[in-house]
Amino acid sequence: MYSDLELRLQEAAGVFNGIEILALVFLLVLASETVWDRFTGYRQSLSETGANLIIGLVYGLLERTAYGLILVIAVFLAEPFALWDLPRNGLTWVLAIVVADLTYYWMHRCEHRVRLFWTYHSVHHSSPEFNFTTALRLAWTEALFEWMFFIPMVIVGFDPVQVIAGLAVVVAYQSWIHTEKVRRLGWLESILNTPSHHRVHHGSNPEYLDKNYGGILIVWDRLFGTYTPERAKVVYGITDPLNTSNPITINFRDFIRLGTDALNAPSFAQSLKVLMKPPGWTPTRNTAFPADQSDTQLQSPAGSSQGEHHDEH
């Protein structure tokens, strides 16, 4: 089962090498955008840019280990339980990318609707600016959680290397959509996730909260009812701003808040709900009501239930 692992990695080498080349091109474009924005006065301060670069550098170092961990877990724990053994050919490579994109959609949706996951994902959304460096603003802890969403692909029968490569393609695609420089792309807007769609996703406007989760394809959002087009001017960031460019605070503020809220919950069951309910949900200590009626929800800026919109984005 594992004897051909080196062969499988060699088959995927073209995909990973291609991503590395695109990453270099992206960094050149990122540097050009930063210089241009600074020259034109579009970016008055470079504090957010600096924070994004530092966070991205540390994430890049951790990513090498994290993806290795994903591979080991997928191969040595999940692959023996695969229901089928799908062949590694052109069709399954394309299918792996499409299924990885669908899996990414649901993972991304969970990261907004489950507070434990939002706690790390909020790092990516916390900047009040939106440019190519924002794509680098990825939580240092996210790889500790995200691998679990892709194990079902291995169980179905996809080769673990294909799964990792498919995820890498989905993530790499999204680098270029973090920009205000590209407006609308015509008919492509109905199929692909574009800068316009992703600007909406990063908006803290009430009408933009929890929308446009797609990685490569926007069709998943259209299919599952989470699509919203860009109309009003986007206000970037989260509704509870950090007001700091300190990378440590950016990565760990919400973990501290989560831990505090879970420890202060009136019961173990309520502590679990703090972890698994949407961001903004809070337990009540009022014991005058039955347990199944004692949960309360905060109100979003729009005045709707937090079951629909959370208080951070």
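Here the structure is a predicted model, which means the values were calculated and not measured.

1. Some remarks on the overall build of the protein
- Counting secondary structure elements, the protein contains 12 helices and two strands.
- The order of α-helices and β-strands along the protein, N terminus first, is α-α-α-α-α-α-α-α-α-α-α-α-β-β.
- Across the 313 residues that make up the protein, the buried fraction comes to 47%.
- A fraction of 71% describes how many contacts in the protein between residues 6 or more apart in sequence connect residues 24 or more apart.

2. Quick word on the packing of aromatic side chains
- Scanning the entire structure with this criterion turns up 13 aromatic pairs.
- Aromatic side chains Tyr105 and Trp106 sit 5.1 Å apart centroid to centroid with 90° between the ring planes, which places their arrangement in the edge-to-face category.
- Residue classification places Tyr105 among the buried residues on the basis of a relative accessible area of 0%.
- A network of ring pairs unites the aromatic residues Tyr105, Trp106, Tyr213 and Phe224 as a single cluster.
- Above the plane of the ring of Tyr42 lies Lys181, whose end atom (NZ or CZ) is 4.9 Å from the centre.
- Lying over the aromatic face of Tyr227, Arg222 brings its terminal NZ or CZ to 4.1 Å of the ring centre.

3. Regarding the UniProt feature "transmembrane region" (unreviewed entry) in the protein
- Mapped onto the present numbering, the UniProt feature "transmembrane region" (unreviewed entry) falls on residues 12–31, 51–78, 90–107 and 147–173.
- Overall, residues 12–31 shows 95% helix and 0% strand. The separation of its end C-alpha atoms is 29 Å.
- From the first C-alpha to the last, residues 147–173 spans 18 Å; its make-up is 74% helix and 0% strand.

4. Quick word on the pattern of salt bridges
- This model, assessed by the stated rule, comprises 17 salt bridges.
- Arg137 is the salt-bridge partner of Glu48, the closest N and O atoms lying 2.9 Å from each other. Placement of the pair is Glu48 in helix 3 (residues 47–78) and Arg137 in the loop between helix 5 (115–125) and helix 6 (143–146), with a sequence separation of 89 residues.
- Accessibility expressed as a relative area gives 0% for Arg137, which makes it buried.
- Where Glu230 meets Arg199, a salt bridge forms, and the shortest distance between an N and an O atom there is 3.0 Å.

5. Regarding the side chain of Glu189
- You can see Glu189 is positioned in the loop between helix 8 (160–173) and helix 9 (195–201).
- Put simply, Glu189 is tucked away with no salt bridge, and the nearest opposite charge, on Arg184, sits 5.4 Å away.
- Setting aside residues no more than four positions away along its own chain, Glu189 makes contact with Arg183, Arg184, Thr194, Ser196, His197, Ile218 and Arg222.

6. Some thoughts on the packing of helix 5 against helix 11 (residues 247–264)
- Two elements in contact, helix 5 and helix 11, have axes whose closest approach is 7 Å; the angle formed by their N-to-C orientations is 160°. With respect to their mutual orientation, helix 5 and helix 11 come out roughly antiparallel. Regarding helix 5 and helix 11, the two cross each other, and that crossing is right-handed. Where helix 5 abuts helix 11, its residues Arg115, Leu116, Trp118, Thr119, Tyr120, Ser122 and Val123 lie against Ile250, Asn251, Asp254, Phe255, Arg257, Leu258 and Asp261.
- Its residues assigned to classes, the contact of helix 5 with helix 11 shows seven nonpolar, three polar and four charged.

7. A few points about the packing of helix 3 against helix 8
- Here helix 3 crosses helix 8 at 145°, and the two axes come no closer than 9 Å. Two packed elements cross with a definite hand, and for helix 3 against helix 8 that hand is right-handed. Two secondary-structure elements touch here, helix 3 through Tyr67, Ile70, Leu71, Ala74 and Val75 and helix 8 through Pro160, Val161, Ile164 and Leu167.
- In the contact of helix 3 with helix 8, the residues fall into nine nonpolar, no polar and no charged.

8. Some thoughts on the nonpolar core
- Tyr104, Phe117, Phe150, Met153, Val163 and Ile250 are the most contacted members of the largest nonpolar core, which totals 36 residues.
- If you list the elements that add at least two residues to this core, you get helix 3, helix 4 (90–113), helix 5, helix 7 (151–156) and helix 8.
- At six residues, the largest contribution of residues to this core is made by helix 3.
- Ignoring anything within four residues of it in the chain, the contact list for Ile250 reads Ala51, Ile55, Val123, Ser126, Arg137, Leu242, Thr244 and Ser245.
- Ranked by size, the runner-up nonpolar core spans nine residues in total, among them Leu71, Trp93, Val161 and Ala165.

9. Looking at helix 11
- Along its 18 residues, helix 11 runs 27 Å from first to last C-alpha, staying within 8% of the 26 Å computed at 1.5 Å per residue.
- Maximum bend of helix 11: about 35°, positioned at Arg253.
- Buried within helix 11 are the following residues: Pro247, Ile250, Asn251, Arg253, Asp254, Leu258 and Ala262.
- Those residues of helix 11 that are buried lie in contact with helix 3, helix 5 and helix 12 (268–276).

Cut-offs and rules
Residues numbered from 1 in each chain as written. Predicted model: local features only at pLDDT ≥ 70, side-chain atom pairs only at ≥ 80, totals over all residues. Heavy atoms only, no water. Helix = DSSP H or I, 4+ residues; strand = E, 2+ residues; numbered from the N terminus. Buried < 20%, exposed > 50% of the residue type's maximum accessible area, 1.4 Å probe, protein only. Contact = heavy atoms within 4.5 Å. Phe/Tyr/Trp six-rings, centres within 6.5 Å; stacked < 30°, edge-to-face > 60°. Lys NZ or Arg CZ within 6 Å of the ring centre and 35° of its normal. UniProt positions renumbered as here; feature names shortened; annotations may be inferred. Salt bridge = Lys/Arg side-chain N within 4 Å of Asp/Glu carboxyl O. Lys, Arg positive; Asp, Glu negative; His and termini not counted. Axes fitted to C-alpha atoms, helices over the stretch in contact; angles between N-to-C directions. Parallel < 35°, antiparallel > 145°, perpendicular 65-115°, else oblique. Left-handed = near helix turned anticlockwise from the far one by under 90°. Nonpolar A, V, L, I, M, F, W, Y, C, P; charged D, E, K, R; others polar. Core = buried A, V, L, I, M, F, W, Y, C linked by side-chain atoms within 4.5 Å. Expected span 1.5 Å × (residues − 1). Bend = angle between axes of the 7 residues up to and from the residue.

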